[in-house]
Amino acid sequence: MPLAHELGTSIPKVTRIVTEMIQDGFLVETGKMESATGRRPSLYGLNPSAGAFVGVDVGRDSLMVAVTNFSGRVTHVLEDIPFRLQNTEDSVSSFCHTVLENLEKVGLEQKQIRGYGVNLTGRVNHRTGYSYSYFLGEEKPIAQLLSAGFGHHVVVENDSRAMAYGEYMSSFPGTEGNILFLNVGWGLGMGMVMDGKLYYGKSGFSGEIGHFPLLDNNCVCQCGKVGCLETGASGIALHRLVMDKLAEGRSSVLSPIFKEGKDIQLESILDALEREDVLCIECVEQIGATLGRAVAGLINVFNPDMVVIGGRLSVTERYLMPPLRGAVNRLSLNLVNSDTIIKVSRLGKTAGAIGASLLSKNLFLNEI
């Protein structure tokens, strides 16, 4: 039996496990394997109807929810659910209620759900369940409150790592590839899949590429330090560059708004790019060149199979990627970068929610 050989155990033990999982409804027979001689071995797969897993990506002002079935296929995606998570127990409770309410609207009953995954920005320790962006005290990890609100164990994860996992599972399922996923949103984060597994580091906080001290620009980062990569390659950086150029008197479709003293949000800049605004294009190209320097260094260090650019700013692909690739070609070692694919996320803004759902599924299967 190939499965017994793969698991390094006996045929009777594997037969017993498979039989129990079939009886519990987790496995179904999918056919027979071709065999030149003797009895044809049976093929088994996860039963798509055995349950659902929910992933929630928490944005600044909205939620993205993805539901996958037991075999990992995406069945529902709920976009742009208005919600701003606050650092209070009442807000966490309201968050759970909002998610459950929206799941009910698409006909998903609680009894169908096997687990939840929730992505949060910033420093998240998936082992302890603590988020240091939504820190509610030493005795109350946010995962505990979410588990109580949903009635299931909840996996909490950093958004960039969940995005990396979702992208990895869509690109290299069943393999042991290496992916670096750069989440270029308002801030800048990175998720790493090494030899087919998410890489966390000693304390569980790996991937803080946004706070790599790469730049000599005297810009103070959100973390309080100066010269972090995030100050030159992120939504924050794009917004600052555009505002500085408008203050210098540069012409733009945003100029009337700026002169009236109204707020210019990141979305306004992205809308201006859709209108081929020259000033905004120049700023995105500058972001791409800066990010490309960092990607070149990452390729030299990790020699990955793939570098994926995702997050909110990935929609600027047309202007972001040429200078990024140009910097990589100039600054990385040819022998190292020749086998590395650089691309924009195929999952787009759904990557985090899908990744969270699949991570929840992994936890459930490991506990069966």
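Now for a look at the structure at hand. (Residues numbered from 1 in each chain as written. Predicted model: local features only at pLDDT ≥ 70, side-chain atom pairs only at ≥ 80, totals over all residues. Heavy atoms only, no water.)

**Comments concerning the packing of aromatic side chains**
(1) Moving on: Under the counting rule described, the total for this entry stands at 8 aromatic pairs.
(2) Moving on: Taking the centre distance of 5.8 Å and the plane angle of 35° together, the rings of Phe 53 and Phe 70 count as tilted. Taken as a pair, Phe 53 in strand 3 (residues 52–58) and Phe 70 in the loop between strand 4 (62–69) and strand 5 (74–82) lie far apart in primary sequence, 17 residues in all.
(3) Moving on: Among the residues examined, Phe 53 registers a relative accessible area of 0% and is labelled buried.
(4) Moving on: Look at Phe 53 and Phe 364: their rings are 5.7 Å apart centre to centre, the planes differ by 65°, and that puts the pair in the edge-to-face class. In this pair, Phe 53 sits in strand 3 while Phe 364 sits in helix 12 (residues 351–367), placing the two residues 311 residues apart along the sequence. Across this residue pair, the class does not change: Phe 53 and Phe 364 are buried.
(5) Moving on: Within the aromatic cluster, the residues linked to one another by ring pairs are Phe 83, Phe 95, Tyr 116 and Phe 150.
(6) Moving on: Positioned above the aromatic ring of Trp 186 is the side chain of Arg 60, whose terminal nitrogen or guanidinium carbon lies 4.9 Å from the ring centre. (Phe/Tyr/Trp six-rings, centres within 6.5 Å; stacked < 30°, edge-to-face > 60°. Helix = DSSP H or I, 4+ residues; strand = E, 2+ residues; numbered from the N terminus. Buried < 20%, exposed > 50% of the residue type's maximum accessible area, 1.4 Å probe, protein only. Lys NZ or Arg CZ within 6 Å of the ring centre and 35° of its normal.)

**Concerning the pattern of salt bridges**
(1) Moving on: Summed over all chains, the structure comprises 10 salt bridges.
(2) Moving on: A salt bridge links Glu 167 to Lys 343; the shortest N-O distance between them is 3.8 Å. Here Glu 167 is found in helix 5 (residues 159–171), whereas its partner Lys 343 is found in strand 14 (residues 341–344), with 176 residues between them in sequence. One exposure class covers both Glu 167 and Lys 343, and it is buried.
(3) Moving on: Between Arg 312 and Glu 267 there is a salt bridge, and its shortest N-O distance comes to 2.9 Å. You can see Arg 312 sitting in the loop between strand 13 (306–310) and helix 10 (317–331) and its partner Glu 267 sitting in helix 8 (residues 266–274), a full 45 residues away along the chain.
(4) Moving on: Classification of Glu 267 as partly exposed rests on a relative accessible area of 39%. (Salt bridge = Lys/Arg side-chain N within 4 Å of Asp/Glu carboxyl O.)

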